[in-house]
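A look at the structure
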Amino acid sequence: MIQFLLLYWRPTFTLGVVLVMLYCLIRGQWRSELVIVVSLASLVFAGILNPSEAFSGLSNPALLSVAFLFILAEGVQRSGALSQLDRLLFTGNKKTPLMLLRLMFSCVGLSAFLNNTPIVAMLTPRVQKWAERNGIAPSKLLIPLSYATILGGTITLIGTSTNLVVSGWLRASGLPELSFFELTPVALPAALLTIVYFVTVGHRFLPERRAPGSGKDAGLKNCLFEVKISNPSPFVGCTLEQAGLRALGKAYLAHLQRGEHLVPSSPNEILQAGDILTFVGELNLLENLLQRRGLEKVILREKKDDQGFPIFEAVLSKSSRLVGKTLKDARFRDRYQGVVLAIQRQDAQLEGALGQISLEAGDLLLIEAHEDFDSRWNQDRNEFFLVSPRKAGAIEASNFSSFKIIYSALILLVVIVVSALGIIPMVTATFAGALAIILGRVLDPRSAGQALNLPVLLVIAAALGIGKAVENSGLAGILAQMLLPLSEYLGPSLGPIGILAAIYLSTVLLTELVTNNAAALVMLPIAVSTAKAMNYAPHTFAIAVAIAASASFMTPLGYQTNLMVMGPGGYRFSDFLKAGFPVSLIVFTVTMITLSIRGF
């Protein structure tokens, strides 16, 4: 045993680091970039990687392309070009299947060339408002919206950072990069079949959860929120029964807090100034309660005018520092310069004081904050995903400059054309596009800097180094050799497709648990080493990994857009499993068939 470890200590140590890294990512107690960077550092200290190999990802053209695309996509969004979708999506036939057709087809096309997160962030409140206005449950539309953007991102090389990461790893390993449309023959049929599925039968299996009231309150039921008895107040000295605050139809009083003690909501309990009343129910009741004289917010506004600060809806990311902490422990107000007015959690009844609730990934927070709250936190997807400013209505195209709309759309088109035709390298095209966005004053330099999602870039750079370690240590080769008996067992006809299916499914399982870029870079060296050992085409296996790493449909935590629509759609965890399994099956089947036709 000792001799084995001495002989194979490099792959054994690398495997141990990768397993510990995956365990920490799955637990989600630490930020993903911290986990991956620490894992990379341990490989450097152990001598598995030298410094130049470990940090080569920082100069990888794929990483630079992703960074420039962040700026380019932010410019297109800020210009108002995406707002032109309103005319296409929210007019015409109002039946659910036809709306799904317009919505999913548009999202597939857009996310093939733009980051899908701002697309979902922009469309979610618009879809909610349209659905409520036309008597359709938003839950019939928002999962298809998320899935369409995920699938659209797999169609082109720039559709998602995962595709660029796979291409960058191939380049660093001395293999040809992926071409701009190399994934299209696989991803496009899968996307189109998924649209057909939802338009014909899939929408029938989606939940129908219709929130009463206005569209802005859609999905915001079973929220936990608080109000305070002011001083003076007409309610002081009254019992809960006399005050009429115990049972309110759309919400009920869970308990009241007096100092450090929780007091049961007994009908004969006499109210005192400073009592904090905790309610569970529909959020629109909060506004009604605050209109009553003698009731106020637990934390008063800093503004003294009637408008107060704007309200934002935010969904916690699974890697957020808030997960597992209470608002009090996290010092939310000091750190984020905002006040949480309410918390909603699907599939759970919240109990206790608002500031003492232990937060979980997927929780929807209603936050009152300064006007720049979204610009300060919208780029940090490791904290939370901002859906929209709650009190802001639909943004009209007239609020934007026609020049900036046309200019930014033209810049994006030029980048796509020159990259697809191979006129100039991808990194050069995206750099020129980002620079043109800044010079054209669509974005100022500060906004361009804020558009760079540094945690994502750090994950990619470090994960590229870990992928290099998996290859250099010999771990990828050992795992590939272990797959050879499976190929021989399945026979000459099923061998390639069987191995490809095993790698695909392993990547899907991994991407449901950790970030898609990390899943791709862990599986890619194994997939390519397997292909080389069996004399198969490495690119075929690399494409399978790229598609599988983005094929996260069965959990809300596997992909950020799923988490973004969970609260607004009123979805439960099981809804993604029911809706995602058929889509996962469609994408898997199409991938296996098209790659078999492509050849091994």
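Structure shown above.
Presented here is an overview of the structure given in this document. (Residues numbered from 1 in each chain as written. Predicted model: local features only at pLDDT ≥ 70, side-chain atom pairs only at ≥ 80, totals over all residues. Heavy atoms only, no water.)

1. Points about the overall build of the protein chain
Within the protein chain one finds 24 helices and nine strands. Out of the 600 residues in the protein chain, the part that is buried amounts to 58%. For the protein chain, restricting intrachain contacts to residue pairs at least 6 apart in sequence, the fraction spanning at least 24 positions comes to 79%. When the accessible surface of the protein chain is totalled, it reaches about 24700 Å², and 62% of it is carbon and sulfur. (Helix = DSSP H or I, 4+ residues; strand = E, 2+ residues; numbered from the N terminus. Buried < 20%, exposed > 50% of the residue type's maximum accessible area, 1.4 Å probe, protein only. Contact = heavy atoms within 4.5 Å. Areas by Shrake-Rupley, 256 points an atom, 1.4 Å probe, with all protein chains shown as cover.)

2. Looking at the pattern of salt bridges
Under the criterion given, the structure shown has four salt bridges. With its nearest N and O atoms 2.9 Å apart, the salt bridge here joins Arg598 to Glu182. A residue pair is termed long-range when its members are at least 10 positions apart, and Arg598 in helix H24 (residues 573-598) and Glu182 in the loop between helix H10 (161-172) and helix H11 (184-200) qualify at 416 residues. The exposure class of Arg598 is partly exposed, given its relative accessible area of 40%. Among the residues examined, Glu182 registers a relative accessible area of 14% and is labelled buried. (Salt bridge = Lys/Arg side-chain N within 4 Å of Asp/Glu carboxyl O.)

3. A look at a nonpolar patch on the surface
Taken together, the side chains of Leu410, Leu413, Val414, Val417, Leu421, Ile423 and Ile424 present a nonpolar region at the surface, about 630 Å² in accessible area. When you line up the elements, Leu410 lands in helix H16 (residues 402-420). (Patch = residues over 30% accessible without salt bridge, like charges linked within 9 Å, V, L, I, M, F, W, Y side chains within 5 Å.)

4. Brief notes about empty space enclosed by the protein
The full count for this structure, using the stated rule, is four cavities of 30 Å³ or more. When its volume is computed, the second largest cavity comes out at roughly 50 Å³. Lining the second largest cavity are Ile150, Leu151, Thr154, Ala187, Ala190, Ile547, Ser550, Ala551, Phe553 and Val587. When residues of the lining of the second largest cavity are traced back to their parent elements, those giving at least two are helix H9 (142-153), H11 and helix H22 (538-550). Here the residues of the lining of the second largest cavity are counted per class, giving eight nonpolar, two polar and no charged. (1 Å grid on protein atoms, 1.4 Å probe; cavity = no way out; pocket = protein on both sides within 12 Å on 5 of 7 lines; lining within 4 Å. Points joined across faces, edges and corners; volume = space filled by probe spheres on them. Nonpolar A, V, L, I, M, F, W, Y, C, P; charged D, E, K, R; others polar.)

5. Some words on the packing of aromatic side chains
Counted according to the given criterion, the structure contains ten aromatic pairs. With centroids separated by 4.8 Å and ring planes inclined at 75°, the aromatic side chains of Phe180 and Phe181 adopt a geometry described as edge-to-face. Here Phe180 falls in the buried class, since its relative accessible area comes to 5%. Geometrically, the ring pair formed by Tyr197 and Phe198 is edge-to-face, given 5.2 Å between the ring centres and 65° between the ring planes. Summarising the burial analysis for this pair, Tyr197 and Phe198 share the class buried. Ring pairing ties together the aromatic residues Tyr147, Tyr197, Phe198 and Phe553, which thus form one cluster. (Phe/Tyr/Trp six-rings, centres within 6.5 Å; stacked < 30°, edge-to-face > 60°.)

6. With respect to the nonpolar core
Core analysis: the largest hydrophobic core is formed by 146 residues, its most contacted members being Ile36 and Leu123. Setting aside residues no more than four positions away along its own chain, Ile36 makes contact with Met21, Leu25, Val459, Ala462, Ala463, Ile466 and Ala518. Formed by 25 residues, the second largest nonpolar core is a distinct cluster that contains Cys223, Leu248, Ala251 and Leu289. (Core = buried A, V, L, I, M, F, W, Y, C linked by side-chain atoms within 4.5 Å.)

7. What to know about the packing of H11 against H24
It is the contact of H11 with H24, at a shortest axis distance of 9 Å, that shows an interaxial angle of 145°. Of the two elements, H11 crosses H24, and the hand of that crossing is right-handed. Residues Pro185, Val186, Pro189, Ala190, Leu193, Thr194, Tyr197 and Phe198 of H11 form the contact with H24, whose participating residues are Ala579, Pro582, Val583, Ile586, Val587, Val590, Thr591, Thr594 and Leu595. A class-by-class count of the residues in the contact of H11 with H24 yields 14 nonpolar, three polar and no charged. (Axes fitted to C-alpha atoms, helices over the stretch in contact; angles between N-to-C directions. Left-handed = near helix turned anticlockwise from the far one by under 90°.)

8. Regarding H24
Look at H24: 36 Å from first C-alpha to last across 26 residues, which is about the 38 Å you get at 1.5 Å a residue. At Gly580, H24 shows its maximal kink, close to 35°; a proline, Pro582, follows between one and four residues later. Of the residues flanking the end of H24, it is Gly599, one or two places downstream, whose phi is positive at about 105°. (Expected span 1.5 Å × (residues − 1). Bend = angle between axes of the 7 residues up to and from the residue.)

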